[in-house]
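Report on the structure
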Amino acid sequence: MSHLHVALVTERPEVSLIPILQLRPQRVVLVPCQASPQAAERLAILLRHEMSGEIEVEVCPTLATQDPMRCAIYANELAESLYREQFDATNLSVTLDLGECGTLTALMFQQAMQQCSADWLYVDTQAGVLYRMDCDSTDRQPDTIAIEPVLNVDRYLQANGRKRVRALSDGAAWRDACQLRKPLTYYLAHHADRLAVLLGELHDMVHGTDGVLTASDPRSGPQLRPGGERQRLRASPHFPATDALNVLSEAQLLQWTSDDPHSVVIDTLEGALYLGGGWLTEYTWLSTQEAGLAHACCEAHILDLSVQHNHEPVVSDCLAVERNQLLFVEWLIARPGAEVCLEQGLKRLHEILDHSAGLSATRVLLACGEFDKAKQRLTELQRRQGFRVEVVEGPELRQLPALLARWKEHGRWIGG
């Protein structure tokens, strides 16, 4: 039996992809609804690429959802054209996915599409279930179909007008280095609350004014600044910072001795990248592997397909897709000082919302800094100000693998 699928494309176009990629109809009709025509066009391009030779895709004119009369005419004209097709092909079945359109639009389309006996589909990404309701049988319970994991990071981004050009974790050498440094990385993450001052200073030594690295050129990548390898701590370190410096020195990521406790030498690019925040990126990736996430990538460079020139692409610390849902993770290693930490933290929360605008995602900020000393933790500020970002800070970092595993299981973020 030939299968034709009608999808109302809304502001969450990735949801429209799920039944198409799972049911694999021979024909798809995309109706832009509560979304720009470009969203439907992007879906059409993606489907033609992903299902080359298997599918015929048609993009209809934009649906005027704000005008009920025109919306009803539109739905009836589409249903009538499909009904005429069924005369020529009696084995043509039709499904209708209303996406997340408004209630009135949904009712009008359901009413109109009864002409061609269209089954109604409803995608529940949280429950991981696709409901199919038989239009001809009003007394039947809907069929429930388990949603398959058909979306990965690239499909999710492309459906939303973005493209991942590369990611640090794509390289086998980087992943191997993560595994070799795993004990050190877990040591830093599990003691991040007690090492906050040191880790903040090391981050500043790398990225701050007169730091170890020069301003990064997207074409050439980060480079060491000539003469910038010798740095100084603001005060003599004490335990447990001294232990951490010894461990980092033994790993040849920096040079430090107790004979000259203020002096730190960072003379390798590998050491600079790791101390400048790479350890937290590596910890995030290792945590995704421990949690069993199938699709995760770190330091992904993301271009906006609607912008002609992307001189400064968004670089996301970690993106993951599980159960067709997106996880957007960023980190912050704040400079020493409680008030400075809060200021940087609030700025980072705003940046995450900007960078992930238009993406329906679980947004998480991993924060390392002296937030507790301000007697007002970043999580409290986040909740009070209504940011749609989860915060994992200080001692909670050690729980990250378990938090990711819960997100994978439940489809939502459950705090520690």
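The structure we're discussing is the one just above.
Residues numbered from 1 in each chain as written. Predicted model: local features only at pLDDT ≥ 70, side-chain atom pairs only at ≥ 80, totals over all residues. Heavy atoms only, no water.

Section: the sheet that holds strand S2 (residues 27–32)
Strand order in the open sheet formed by seven strands is S3-S2-S1-S4-S5-S6-S7, and the pairing between neighbours is mixed. Taken across any chain shown, the strands that pair with only one partner, and hence form the sheet edges, are strand S3 (56–59) and strand S7 (143–146). Strand-to-strand, the axes of this sheet are offset by a mean angle of 25°, without reference to chain direction. Pairing between strand S4 (residues 92–97) and strand S5 (residues 119–124): three bridges, direction parallel. Looking at the pairing, Asp-97 lines up with Leu-121 of S5. (Pairing = 2+ DSSP bridges. Helix = DSSP H or I, 4+ residues; strand = E, 2+ residues; numbered from the N terminus. Axes fitted to C-alpha atoms, helices over the stretch in contact; angles between N-to-C directions.)

Some points on the pattern of salt bridges
For the coordinates displayed, the defined rule picks out 20 salt bridges. Of the charged contacts in the structure, one is a salt bridge between Glu-393 and Arg-377, with a shortest N-O distance of 3.8 Å. Linking Glu-393 in strand S15 (residues 390–393) with Arg-377 in the loop between strand S14 (361–368) and helix H12 (378–385), this pair joins segments that are 16 residues apart in sequence. You can call Arg-377 partly exposed: its relative accessible area is 21%. If you follow the salt bridges from partner to partner, you end up with Glu-330, Lys-347, Arg-348 and Glu-351 in one network. (Salt bridge = Lys/Arg side-chain N within 4 Å of Asp/Glu carboxyl O. Buried < 20%, exposed > 50% of the residue type's maximum accessible area, 1.4 Å probe, protein only.)

Some remarks on the sheet that holds S15
If you trace the six strands from one edge of the open sheet to the other, you get S8-S11-S12-S13-S14-S15, paired in mixed fashion. Of all strands in the sheet, those with a lone pairing partner are strand S8 (162–167) and S15, marking the two edges. Taken over all neighbouring pairs, the strand axes of this sheet differ in orientation by 40° on average, direction set aside. Across five bridges, the pairing between strand S12 (residues 314–322) and strand S13 (residues 325–333) is antiparallel. Its bridge partner being in S13, Leu-319 is matched across the sheet by Phe-328.

Points about the pairing of strand S1 (residues 2–9)
Of all the eight residues making up S1, seven are buried; the element is thus mostly covered by neighbouring parts of the structure. Sheet topology note: the S1/S4 ladder contains six bridges and is parallel. Counterpart to Leu-4 in the pairing with S4 is Val-94. As paired strands, S1 and S2 are joined by six bridges and run parallel to one another. Pairing of Val-6 across the sheet is with Val-29, part of S2. In this region the chain leaves S1, passes through helix H1 (residues 13–23) and returns to the parallel neighbour S2; the handedness of that crossover is right-handed. (Right-handed = clockwise from strand over helix to strand, strands pointing away.)

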